[in-house]
Amino acid sequence: MSTYTTAPEAGTTHDPPSLSPFPGIDEARKLAALTQALADPVRLQILATLESVCGPVGTIVEATGLRQPAVSHHLRVLRDRGLVRGERRGTFIFYCLAT
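This one's a predicted model, so the numbers in the text were calculated from it and none came from an experiment.

Student: I'd like to hear about the overall build of the protein, residue by residue, with values.
Tutor: Across its full length, the protein holds four helices and two strands. Each helix and strand of the protein, ordered N terminal to C terminal, gives the series α-α-α-α-β-β. Per-residue burial over the protein gives 21% buried out of 99 residues. Total accessible area computed for the protein in this model is approximately 7,600 Å², and 57% of it derives from carbon and sulfur atoms.

Okay, structure coming up:
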């Protein structure tokens, strides 16, 4: 069975649509780390808390009902991924969403 193709009409082109290339391996690794950080429901709860208030770990513990070591661990992961920033105020570090 043969397939017939027709010639393009005068003045038209049949260029394939341009596709954005897949990110390089470094960008893909960063994206994977970010999505992994966001996949944890506890981290999402912390991010939701920080959306309304910046505060020290104790404030986040009270708002979420989680234990302090768990909050500190998750804040570290979120900070390492660039989602949260810490700002020292006296003896406390206040955490806020990164801008």
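Now, onward.
Student: Provide a residue-level description of the pattern of salt bridges, including the pertinent values.
Tutor: Per the stated rule, a full pass over the model turns up four salt bridges. We note a salt bridge from Asp80 to Arg76, for which the minimum N-O separation is 3.9 Å. Residue Asp80 and its partner Arg76 are both found in helix α4 (residues 68-80); the two are separated by four residues, about one turn of the helix. The partner of Arg89 in a salt bridge is Glu87, and the shortest N-O contact between them spans 3.1 Å. Counted as one network, the salt bridges with shared partners bring together Arg85, Glu87 and Arg89.

Student: Tell me about the packing of helix α2 (residues 41-52) against α4, and please be specific about residues and values.
Tutor: Direction vectors running N to C along α2 and α4 enclose 80 degrees, while the axes themselves pass 10 Å from each other. With respect to their mutual orientation, α2 and α4 come out roughly perpendicular. Within the contact between the two elements, α2 uses Val42, Arg43, Ile46, Leu47 and Leu50 and α4 uses Val71, His73, His74, Leu75, Val77 and Leu78. Residue composition of the contact of α2 with α4, by class: eight nonpolar, two polar and one charged.

Student: Any chance you could break down the pairing of strand β1 (residues 84-89) for me, citing the residues and the numbers?
Tutor: The side chains of a regular strand alternate between both faces of the sheet. As judged from the six bridges shared by β1 and strand β2 (residues 92-97), these two strands associate in the antiparallel manner. When the sheet's bridge partners are listed, Glu87 is paired in β2 with Phe94. Here β1 folds back onto β2, and the loop between the two strands holds two residues, one of which, Gly90, carries a positive phi near 70 degrees.

How each quantity is defined
- All chains use their own residue numbering, which begins from 1 and follows the written sequence.
- Whole-chain, interface and lining totals are the exception, using all residues; otherwise, since this is a predicted model, local features are given only for residues with pLDDT of at least 70 and side-chain atom pairs are given and counted only at 80 or more.
- Processing note: side-chain calculations cover all non-hydrogen atoms of the structure and skip hydrogens and water entirely.
- Secondary structure elements are defined from DSSP: runs of H or I of at least 4 residues count as helices, runs of E of at least 2 residues count as strands, and each element is numbered from the N terminus.
- Accessibility here uses a 1.4 Å probe with only protein chains present; expressed as a share of the type maximum, an area under 20% marks a residue as buried, one over 50% as exposed, and anything in between as partly exposed.
- Throughout, the Shrake-Rupley method with a 1.4 Å probe supplies accessible areas, and for residues the shown protein chains are the sole cover considered.
- Should a side-chain nitrogen of Lys or Arg be within 4 Å of a carboxyl oxygen of Asp or Glu, the pair is scored as a salt bridge.
- All axes are obtained by fitting lines to C-alpha atoms, using only the stretch in contact for helices, and the reported angles, taken between N-to-C directions, cover 0 to 180 degrees.
- Here is the rule for angles: anything less than 35 degrees is roughly parallel, anything more than 145 is roughly antiparallel, 65 through 115 is roughly perpendicular, and the remaining ranges are oblique.
- Contacts are residue-level and defined by heavy atoms, with any inter-residue pair within 4.5 Å sufficient.
- All residues other than Ala, Val, Leu, Ile, Met, Phe, Trp, Tyr, Cys, Pro, Asp, Glu, Lys and Arg, Gly among them, are scored as polar; the first ten of these are nonpolar and the last four charged.
- By this definition, two strands are paired if DSSP reports at least two bridges between them.

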